[in-house]
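Summary of structural features
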Amino acid sequence: MAEDTRTYTNGEITVVWKPNLCKHTGVCLRGLPKVFSLRQRPWINMTAASSEEIVQLVDECPSGALTIEGRTPPDLYSGKNPIEVVEVPKGPLIIKGDVVLKDLKGRTSSEHKRMTILCRCGLSNNFPLCDASHVELMKKRTS
């Protein structure tokens, strides 16, 4: 099956979005709301901020769903590995840096440099990894 990838450009840089990697933490929506907005179509407006601002924000995407075409994101998280609680209700925990996840038998199940990893809502079909099930939980709360 082909990977779903969408691109958005301002002629200077191209943002690549891989929806299947997105965990809907809202980092992009809160970071540059004029660029990233669910109320506009397309949802990424590449002319609403400078290329530098967009690159800086895309580098903060915890899941790697947003990247800049032809550019490897910098290793922003060497040394200490911060864990952040996402503002989205029941959203995942964001772990930044080198992460090794082991199963109950101590076997390495995955290794990542930057990721949105741990489910906080308990609904993930890929527990303990987040599969964005919290999005449906939020929809139920607001309806």
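Residues numbered from 1 in each chain as written. Predicted model: local features only at pLDDT ≥ 70, side-chain atom pairs only at ≥ 80, totals over all residues. Heavy atoms only, no water.

1. Digging into the overall build of the protein
Here is the rule we go by: The secondary structure listing takes helices from DSSP runs of H or I that are at least 4 residues long and strands from runs of E that are at least 2 residues long, numbered from the N terminus. Note on method: radius of gyration uses C-alpha positions; expected globular size equals 2.2 Å times residues raised to 0.38. Summary of the burial criterion: residues with accessible area below 20% of their type's maximum are buried, those above 50% are exposed, and those between are partly exposed, where the area comes from a 1.4 Å probe applied to protein chains only. We get accessible surface area from the Shrake-Rupley algorithm with a probe of 1.4 Å; when it comes to residues, only the shown protein chains can shield them. When charges are counted, Lys and Arg are positive and Asp and Glu negative, with His and the chain ends excluded. Working definition for charges: the position is that of NZ of Lys, CZ of Arg, CG of Asp or CD of Glu.
For the protein, the count of helices and strands is three helices and six strands. What you see for the protein is a C-alpha radius of gyration of 16 Å, in line with the 15 Å of a compact globule of 143 residues. Each principal axis of the C-alpha distribution contributes one length, and for the protein these read about 50 × 40 × 35 Å. Counting across all 143 residues of the protein, residues that qualify as buried make up 41%. Taken as a whole, the protein presents about 8,900 Å² of accessible surface, with 52% of it coming from carbon and sulfur. If the 20 positive side-chain charges of the protein are averaged to one point and the 16 negative ones to another, these points end up 8 Å apart.

2. Here's the deal with helix α2 (residues 51-58)
One turn of the α-helix equals 3.6 residues, which is why residues spaced by three or four share an orientation. What counts, and what does not: When we speak of the arc, we mean the arc of directions from the helix axis to the C-beta atoms.
For α2, the set of buried residues is S51, I54, V55, L57 and V58. Projected down its long axis, α2 carries its buried residues within an arc of 165 degrees, all on one side. In α2, the exposed residues that point more than 90 degrees away from the buried face are E52 and Q56.

3. Here's the deal with the layout of surface pockets
Here is the rule we go by: Whether a set of points on the 1 Å grid over the protein atoms alone is a cavity depends on a 1.4 Å probe fitting there but being unable to get out, while an open set qualifies as a pocket with protein on both sides within 12 Å along at least five of seven lines; lining residues are those with an atom within 4 Å of a point. Grid points are joined across faces, edges and corners, and a volume is the space filled by probe spheres set on the points.
Estimated volume of the largest pocket: approximately 560 Å³. Considering the residues around the largest pocket, the lining is formed by 25 residues, among which H24, T25, G26, L29 and L38 are closest to the centre. Listing elements by their share of the lining of the largest pocket, those giving two or more residues are α1 (27-31) and α3 (134-142).

4. A word on the side chain of T25
This is how the line gets drawn: As used in this structure description, the phrase polar contact means that two N or O atoms lie within 3.5 Å; if the pair is within protein, one of them must be able to donate a hydrogen and the other to accept it, and residues adjacent in sequence are counted only when both atoms belong to side chains.
Checked against the element boundaries, T25 lands in the loop between β2 (14-17) and α1. Of the polar contacts made by the side chain of T25, one reaches the backbone nitrogen of V27; its length is 3.4 Å.

5. Details of unusual backbone geometry
In terms of backbone geometry, most residues other than glycine have negative phi values and most peptide bonds are trans. With an omega dihedral of -10 degrees, the bond running from R41 to P42 counts as a cis peptide bond. Locating P42 in the fold gives a position in the loop between α1 and α2. The peptide bond linking F127 to P128 adopts the cis configuration, its omega dihedral lying at 10 degrees. Mapping P128 onto the fold places it in the loop between β6 (108-118) and α3. The backbone phi angle of H24 is positive, close to 55 degrees, even though this residue is not glycine. Following the sequence through the fold, H24 ends up in the loop between β2 and α1. The backbone phi angle of A132 is positive, close to 75 degrees, even though this residue is not glycine. For A132, a relative accessible area of 14% gives the class buried.

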